[in-house]
Amino acid sequence: MGLRWLLLTLVAFATLAHAFDTYRIGSRLIHIGDSASELIALIGEPVYKETIETRAAGFIGERWQYRLDGKTVMFTIRAGRVDRIEEIRDQQ
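Residues numbered from 1 in each chain as written. Predicted model: local features only at pLDDT ≥ 70, side-chain atom pairs only at ≥ 80, totals over all residues. Heavy atoms only, no water.

Trainee: So what exactly am I meant to see when it comes to the environment of E86 here?
Mentor: With respect to the element layout, E86 can be found in strand 7 (residues 81-88). In sequence terms E86 and V73 are 13 residues apart; their C-alpha atoms lie 5.7 Å from each other. Of the polar contacts made by the side chain of E86, one reaches the side chain of R84; its length is 3.4 Å. (Helix = DSSP H or I, 4+ residues; strand = E, 2+ residues; numbered from the N terminus. Polar contact = N/O pair within 3.5 Å; in protein donor to acceptor, adjacent residues only side chain to side chain.)

Trainee: Where do I start with the packing of aromatic side chains in this structure?
Mentor: Aromatic ring pairs are defined here through the distance separating the ring centres and the angle between the ring planes. By the definition in use, this model includes two aromatic pairs. The interplanar angle of 85 degrees and the centroid separation of 6.4 Å between the aromatic rings of Y23 and F75 together place this pair among those described as edge-to-face. Linking Y23 in strand 2 (residues 22-25) with F75 in strand 6 (residues 71-78), this pair joins segments that are 52 residues apart in sequence. Residue F75 is classed as buried on the basis of its relative accessible area, which comes to 0%. A connected cluster of aromatic rings, assembled from ring pairs, spans Y23, Y66 and F75. (Phe/Tyr/Trp six-rings, centres within 6.5 Å; stacked < 30°, edge-to-face > 60°. Buried < 20%, exposed > 50% of the residue type's maximum accessible area, 1.4 Å probe, protein only.)

Trainee: Just checking my understanding: could you explain the pattern of salt bridges for this structure?
Mentor: A side chain with one charge may pair with a side chain of the opposite charge, provided their charged atoms come close. All chains considered together, the criterion is met by five salt bridges. Taking the shortest distance from any N to any O, the salt bridge between E45 and K49 comes out at 3.8 Å. For E45, a relative accessible area of 52% corresponds to the exposed category. For K49, a relative accessible area of 40% corresponds to the partly exposed category. The shortest N-O distance in the salt bridge between R63 and E50 comes to 3.5 Å. Pair noted here: R63 is in strand 5 (residues 59-68) and E50 is in strand 4 (residues 48-53), with a separation of 13 residues, a long-range link. Judged by relative accessible area, which is 27%, R63 ranks as partly exposed. Exposure remark for E50: the relative accessible area of 31% places this residue in the partly exposed category. (Salt bridge = Lys/Arg side-chain N within 4 Å of Asp/Glu carboxyl O.)

Trainee: How should I be thinking about unusual backbone geometry in this particular structure?
Mentor: Trans is the common state for peptide bonds, and a negative phi is the common state for residues other than glycine. The phi torsion at D69 lies on the positive side, around 50 degrees, for a residue other than glycine. With respect to the element layout, D69 can be found in the loop between strand 5 and strand 6. Using a relative accessible area of 70% as the deciding quantity, one classes D69 as exposed. Phi is positive for A79, which is not a glycine, with a value near 55 degrees. Considering the arrangement of structural elements, one finds A79 in the loop between strand 6 and strand 7. Judged by relative accessible area, which is 80%, A79 ranks as exposed.

And the structure:
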């Protein structure tokens, strides 16, 4: 019974988050591999930053969160570059 609820929760969450290789902001695109400074120049400082660490507290990178067009968009930054782009749609 517990496993069924876990699977249903994971499926529901998976439908709310989408990963992309590029993200359009106006007429410009941010690509995986673009520098963090390019991202800041295009859309400014993030609303929220979260540090990503190993279990031994070693630094891996950061997740930068933005509110764009009524959606939450997270950019994972590793080694000063965009490593992952995720869009999280608000639940209605």
